[in-house]
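# Analysis of the macromolecular model
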Amino acid sequence: PLSPQEHGLDFQRLLDASAYKETFRQDMIRWGEEKRRADPGFFCRAAVERAVQPVWVSLWEGHHGCQGHRVGVDGALMQVVSDTRRLSDVQWFQDIYGDVVQTVRVVATEETRKRRNWVFVTGVDDAESECGLDQGVAFDWVITNDGDELALGEQLEVLLQSLHRRL
């Protein structure tokens, strides 16, 4: 099993949909599973403790997408943690942060995903790391990302306005 940092892998290339990522994907999944078995909150804590730009999302009026943060009425910062993969991740955040947690699922049709060069790989795309949230989570928000930028922008604007009101 491998961690990108421990094996000198190009972290940025592991984030895209390239053959480079696929070469190491199963080993990274195994490494992650070992870490989770030893400590279910390992990656969740890391996401919170090591949060740096652009994890902090700006919701300053008229400046959506800016780097920065906004302080809520109780002095708390809003943090967006992208790419949780498992029910245990969602449960960890809900246990630690309670009712302020908002879950967002981004969906695209299989046809759209194929247009984006996605190809199903048995043992990878049907693993918990890819479909662990397909059941068991009542998402607060579901955003559709099928390539219609206007529709996507409208959905995100509604989401951001709602989050802004919660601050």
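Everything below is about the structure shown above.
Residues numbered from 1 in each chain as written. Predicted model: local features only at pLDDT ≥ 70, side-chain atom pairs only at ≥ 80, totals over all residues. Heavy atoms only, no water.

## Observations concerning the side chain of lysine 21
We apply this condition: What counts as a helix is a DSSP run of H or I of at least four residues, what counts as a strand is a run of E of at least two, and both are numbered from the N terminus. Whether two residues are in contact is decided by their heavy atoms: any pair within 4.5 Å suffices.
For lysine 21, the position within the fold is in helix α2 (residues 19–38). The residues contacting lysine 21, other than those within four sequence positions of it, are Arg13, Leu14, Asp16 and Met28.

## Focus: the pattern of salt bridges
Operational definition: By definition, a salt bridge exists where a carboxyl oxygen of Asp or Glu is found within 4 Å of a side-chain nitrogen of Lys or Arg. Per-residue accessibility, obtained with a 1.4 Å probe over protein chains only, is compared with the maximum for each type, and a residue is labelled buried under 20%, exposed over 50%, and partly exposed between these values.
Enumeration according to the criterion identifies nine salt bridges in this entry. Arginine 30 serves as the salt-bridge partner of aspartate 27, at 2.3 Å between the closest nitrogen and oxygen. Highlighted residues: aspartate 27 and arginine 30, both in helix α2, separated by three residues, approximately one helical turn. The class for aspartate 27 is partly exposed, based on a relative accessible area of 26%. Lysine 114 is the partner of glutamate 110 in a salt bridge, and the nearest nitrogen-oxygen pair spans 3.4 Å. Of this pair, glutamate 110 and lysine 114 both sit in helix α5 (residues 110–115), four residues apart, which is roughly one turn of that helix. Relative accessible area serves as the criterion here: at 46%, glutamate 110 is assigned to the partly exposed category. Beyond isolated ion pairs, a larger network of salt bridges with shared partners links Glu33, Arg86 and Glu128.

## As for the pairing of strand β2 (residues 141–144)
The condition that has to hold: Only when DSSP finds a minimum of two bridges between them are two strands counted as paired.
The two faces of β2 differ: Trp141 and Ile143 on one face are buried, but Val142 and Thr144 on the other face are not. Here strand β1 (residues 104–107) runs beside β2; their pairing, made up of four bridges, is parallel. Bridging across to β2, arginine 105 finds its partner in valine 142.

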